[in-house]
Amino acid sequence: MTKTPFIHLKNLHKSFGSKVVLKGLNLDVKEGESFVILGGSGTGKSVTLKCILGLLTPDKGTMTVDGVNLLTGEPSEISQIRDQISMLFQGSALFDSLPVWENVVFKLLAQDKIRRSEGRSFAKDLILQVGMEERVLDLSPNELSGGMLRRVALARAIATKPRIVFFDEPTAGLDPITGSIINGLIRKSVDHLGATAITITHDIASCRQIGDRVGLLHEGKLRWVGPIKDMDKSGDAAVEQFIKGRSKGPLTATA
Ligand SMILES: Nc1ncnc2c1ncn2[C@@H]1O[C@H](COP(=O)(O)OP(=O)(O)OP(=O)(O)O)[C@@H](O)[C@H]1O
Ligand SMILES: [Mg+2]
């Protein structure tokens, strides 16, 4: 019998009223793998991750992580799994009312994993790891540039040493050079943790830098899945259209 993949989504469906978003999505991610979901705006990339996180409930389908069924499993087992997942939200989602250091160790403090008196020095190690200076610790998120915000969000995402990390558009709104630095840091952090990662993006450069394998989300399904190295010779017209950024092709056939 073959073992169920570490993250296993099967025949996932999700609609909002008459708006059908996921239409039988299948996704398998191996433990320790970095998987990238590519797709245009509004195709359901964030919805997919929110289903795994339990922020949304799919209408139909199966979701298992490390053998635990996220829809029908024991609630205690499900929360144990979700507790090992860290998410870097689209737009960073830091708390403006808290200094950077408290944002970074927020979950560890909330779960009493570290004492408040240790928080700043714990956060300092992480802030240095993502290439920022100590002085940033006491700034408020609204005093930071877009690239710095993303670094802080990354530090927060890895602070709990998660087994699984999700990155939602980690480079959106950044210039290409800052984006490339963030991608490099993401790849390094994921490798260092030995974590399993899913990144969702519409940035091809990000995809190439972060991923081992990639899938293109279109019309509610992953339409092509393969190793990053095969992306340029996928033979799939939609993948080619996406990579080249062409206005005409299967992705825009109904637009
Ligand atoms: N809570 C919700 N209620 C109603 N509709 C929703 C909800 N969440 C998402 N949607 C709809 O589902 C569709 C997919 O949304 P999603 O956020 O997954 O897109 P995305 O692929 O992440 O796009 P982007 O690249 O722009 O972030 C959109 O049409 C969106 O309006
Ligand atoms: Mg999104």
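Residues numbered from 1 in each chain as written. Chains lettered and ligands numbered in written order. Predicted model: local features only at pLDDT ≥ 70, side-chain atom pairs only at ≥ 80, totals over all residues.

S.K.: Would you mind going over the sheet that holds strand 6 (residues 85–88) with me for this structure?
M.R.: The strands making up a sheet are joined through hydrogen bonds of the backbone, oriented either antiparallel or parallel. Pairing is mixed across the open sheet formed by six strands, whose spatial order is 6-7-8-3-9-10. One side of each edge strand has no neighbouring strand; the edge strands of this open sheet are strand 6 and strand 10 (221–227). Between one strand axis and the next, the sheet turns by 15° as a mean value, whatever way the strands run. Pairing of strand 6 with strand 7 (residues 164–168), which is carried by four bridges, proceeds in the parallel orientation. Bridging from a neighbouring strand, Leu88 pairs with Phe167 of strand 7. Helix 1 (residues 45–53) contacts strand 3 (34–38), strand 6, strand 7, strand 8 (196–201) and strand 9 (213–218) of the sheet and is inclined by roughly 150° relative to strand 8. With respect to the sheet, helix 9 (residues 237–244) is in contact with strand 3, strand 9 and strand 10, its orientation differing from that of strand 9 by roughly 100°. (Pairing = 2+ DSSP bridges. Helix = DSSP H or I, 4+ residues; strand = E, 2+ residues; numbered from the N terminus. Axes fitted to C-alpha atoms, helices over the stretch in contact; angles between N-to-C directions. Contact = placed C-beta atoms within 7 Å.)

S.K.: Would you explain the nonpolar core in this entry?
M.R.: For soluble globular proteins, the rule of thumb is that nonpolar side chains tend to be buried together. In this structure, Val104, Ile127 and Ala155 are the most contacted members of the largest nonpolar core, which totals 66 residues. If you tally residues by element for this core, the top one is helix 6 (residues 146–159), at eight residues. The residues contacting Val104, other than those within four sequence positions of it, are Ala123, Leu126, Ile127, Val152, Ala155, Arg156 and Ala159. (Core = buried A, V, L, I, M, F, W, Y, C linked by C-beta atoms within 7 Å. Buried ≥ 20, exposed ≤ 12 C-beta atoms within 10 Å, placed from the backbone.)

S.K.: Can you walk me through the site of ligand 1 in this structure?
M.R.: Taken together, 13 residues surround ligand 1, and among them Phe16, Ser41, Lys45, Ser46 and Val47 come closest. At the level of elements, strand 2 (19–29) and helix 1 are the ones that each hand at least two residues to the shell around ligand 1. Of the residues forming the shell around ligand 1, the biggest block, three residues, is contributed by helix 1. In terms of residue class, the shell around ligand 1 is built from three nonpolar, eight polar and two charged. (Near = placed C-beta within 6 Å. Nonpolar A, V, L, I, M, F, W, Y, C, P; charged D, E, K, R; others polar.)

S.K.: Mind showing me how you'd approach the packing of helix 6 against helix 7 (residues 176–193) here?
M.R.: Helix-helix packing is described using two parameters, namely the angle between the two axes and the distance between the axes. Between helix 6 and helix 7, the least distance of the axes is 10 Å, while the angle of their chain directions is 10°. Here helix 7 runs roughly parallel to helix 6, going by the angle between their axes. Between helix 6 and helix 7, the residues in contact are Gly147, Arg150, Arg151, Leu154 and Ile158 and Thr178, Ile182, Leu185, Ile186, Ser189 and Leu193, respectively. Grouping the amino acids of the contact of helix 6 with helix 7 by side-chain chemistry returns six nonpolar, three polar and two charged. (Parallel < 35°, antiparallel > 145°, perpendicular 65-115°, else oblique.)

S.K.: What is the right way to read unusual backbone geometry from this model?
M.R.: Excluding glycine, residues mostly have negative phi values, and the peptide bonds linking residues are mostly trans. The phi torsion at Asp66 lies on the positive side, around 50°, for a residue other than glycine. Tracing the chain through its elements places Asp66 in the loop between strand 4 (60–65) and strand 5 (68–69). Given 17 C-beta atoms within a 10 Å radius, Asp66 is considered partly exposed. Phi is positive for Lys161, which is not a glycine, with a value near 50°. If you trace the backbone, Lys161 turns up in the loop between helix 6 and strand 7. Exposure remark for Lys161: the 12 C-beta atoms within 10 Å place this residue in the exposed category.

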